[in-house]
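Architecture at a glance
Listed here are the chains, written in short residue letters.
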Amino acid sequence: MKARLMDRAATVVLTLIAILIIGTLVGLLGFILSQGWHKLNLDFLTSPPDIVNAGGGIGPQLFNSLYLLVLTMLIALPLGIGAGIYMAEYAPDNKITQFIRMSIEVLSSLPSIVVGLFGLLVFVNMTGWGYTLFGGALALTVFNLPLLVRVTEDALRNVPRSQKEASLALGITKWRTIVSVILPAALPGIITGAILASGRVFGEAAALLFTAGMSSPNLDFTDFSLNSTTSPLNPFRPAETLAVHIWKVNSEGLTPDARDVADGAAAVLIIAVLLFNLSARWFGNWVYKKMTSGSN
């Protein structure tokens, strides 16, 4: 009887905790969206910001955030997944490997402001690039690599060893086994890690203050040259992202509607993160079914 009461009590407590977490999340999202919903229109999403007058938008900042996300993931995903494969399948269990794992844990605990200062020293000053999108992408790669490596390694290790042994028993090489058997089975976990890393990229501000900068040139969306200072595709130009813009408007905004602009930008940021997470999960499930010959 006592065990049943304890079980019911634990169930009630855990249910209440889950409800509290979900309620807090819904309340936070509802508050942010309700505050900024009135600003969401096409003009606000596409027009550039105005420093002095009311009515500015967030067009360049929204594009910079999406472009920075793409650049960062193009750099971080191959490195993180490759390092995770090495740690899970090739690295021997010795002191060097233990030191590497400890270094990954230390790197993952660094505050983003420290990563930003490191990026300022290396990717801004030492390289001579100045404030650039590419420097911001490299700084965020440093910020997200530990998460990607750890998630990939854990996902690969959680694949049943019987699948690997069956593939090797058929004479398939180790690399082919990893690519054709282990990686598809571990794909949901890897995609989850990639989604978490992407969310951190989209919402990061501190590391980008010192690497990508707090300003953006007037972009010409008809100019696709990678060398032009006004081209949106030029990775070596300063680029204020949406998260940095929210901080800047809240702290230094001079326009009469600075608070409304910040609220609208925050609502756009939340909606973009939600849409990205939902679409990324759908895409991950679709890729998993294709790679494992699963049926819909």
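Residues numbered from 1 in each chain as written. Predicted model: local features only at pLDDT ≥ 70, side-chain atom pairs only at ≥ 80, totals over all residues. Heavy atoms only, no water.

Per an unreviewed UniProt entry, the recorded name for the protein is Phosphate transport system permease protein PstA, and the organism is Brevibacillus fortis. Looking at the Sequence similarities (unreviewed entry) heading of the UniProt record, one finds this comment for the protein: "Belongs to the binding-protein-dependent transport system permease family. CysTW subfamily." (UniProt positions renumbered as here; feature names shortened; annotations may be inferred.)

**Some details on the pattern of salt bridges**
On inspection of all chains with the given rule, the structure shows eight salt bridges. A salt bridge links R150 to E105, with the shortest nitrogen-to-oxygen separation between them at 3.1 Å. Residue R150 is located in helix 6 (residues 133-157), and its partner E105 is located in helix 4 (residues 95-108); the two are separated by 45 residues in the primary sequence. Judged by relative accessible area, which is 41%, E105 ranks as partly exposed. (Salt bridge = Lys/Arg side-chain N within 4 Å of Asp/Glu carboxyl O. Helix = DSSP H or I, 4+ residues; strand = E, 2+ residues; numbered from the N terminus. Buried < 20%, exposed > 50% of the residue type's maximum accessible area, 1.4 Å probe, protein only.)

**Focus: the domain arrangement of the protein**
Domain parsing of the protein yields domain 1 (1-39) and domain 2 (42-292). One C-alpha centre belongs to domain 1, the other to domain 2, and the line joining them spans 29 Å. Listed by partner, the interface residues are eight residues for domain 1 and 12 residues for domain 2. Counting the surface lost from both domain 1 and domain 2, the interface buries some 800 Å², and carbon and sulfur atoms represent 73% of this. The largest contributions to the domain 1 side of the interface with domain 2 come from I32, L33 and K39, which together make up 58% of the buried area. Where domain 1 packs against domain 2, one counts one salt bridge. For K39, the salt bridge identified is with D257, shortest N-O distance 3.7 Å. The tally of links between domain 1 and domain 2 comes to zero residue pairs in polar contact (both at pLDDT 80 or more). (Domains from an automatic or database assignment. Contact = heavy atoms within 4.5 Å. Buried area = accessible area lost by both parts, 1.4 Å probe. Polar contact = N/O pair within 3.5 Å; in protein donor to acceptor, adjacent residues only side chain to side chain.)

**Brief notes about the environment of L42**
When you line up the elements, L42 lands in helix 2 (residues 42-46). Under the relative-accessibility criterion, L42 is labelled exposed at 66%.

**Let's talk about the UniProt feature "transmembrane region" (unreviewed entry) in the protein**
Under the local residue numbering, the UniProt record ascribes the feature "transmembrane region" (unreviewed entry) to residues 12-33, 66-87, 99-123, 129-149, 178-199 and 264-283. Annotated as residues 129-149, this span is 81% helix and 0% strand, and its ends, taken at the C-alpha atoms, are 28 Å apart. Between the C-alpha atoms that bound residues 178-199 the distance is 27 Å, and the span itself is 100% helix and 0% strand.

**Structural notes on the packing of helix 4 against helix 6**
Contact pair helix 4 / helix 6: the axes reach a minimum separation of 8 Å and the direction vectors enclose 130°. Taken together, the axes of helix 4 and helix 6 are oblique relative to one another. For the pair helix 4 and helix 6, the sense of crossing is left-handed. Together, R101, I104, E105, L107 and S108 of helix 4 and V142, P146, V149, R150, E153 and R157 of helix 6 make up the contact between the two elements. Class assignment of the residues belonging to the contact of helix 4 with helix 6 gives a composition of five nonpolar, one polar and five charged. (Axes fitted to C-alpha atoms, helices over the stretch in contact; angles between N-to-C directions. Parallel < 35°, antiparallel > 145°, perpendicular 65-115°, else oblique. Left-handed = near helix turned anticlockwise from the far one by under 90°. Nonpolar A, V, L, I, M, F, W, Y, C, P; charged D, E, K, R; others polar.)

**Some details on a nonpolar patch on the surface**
Together, I96, F99, I100, M102 and V106 give the surface a local cluster of nonpolar side chains, amounting to about 490 Å² of exposed area. Here I96 is to be found in helix 4. (Patch = residues over 30% accessible without salt bridge, like charges linked within 9 Å, V, L, I, M, F, W, Y side chains within 5 Å. Areas by Shrake-Rupley, 256 points an atom, 1.4 Å probe, with all protein chains shown as cover.)

**A look at the side chain of S47**
Looking at the element boundaries, S47 is found in the loop between helix 2 and helix 3 (59-90). Engagement of the side chain of S47 in a polar contact is seen with the backbone oxygen of D43, the distance being 2.5 Å. Excluding anything up to four places from it in sequence, S47 contacts G56, G57, I58, G59 and P60.

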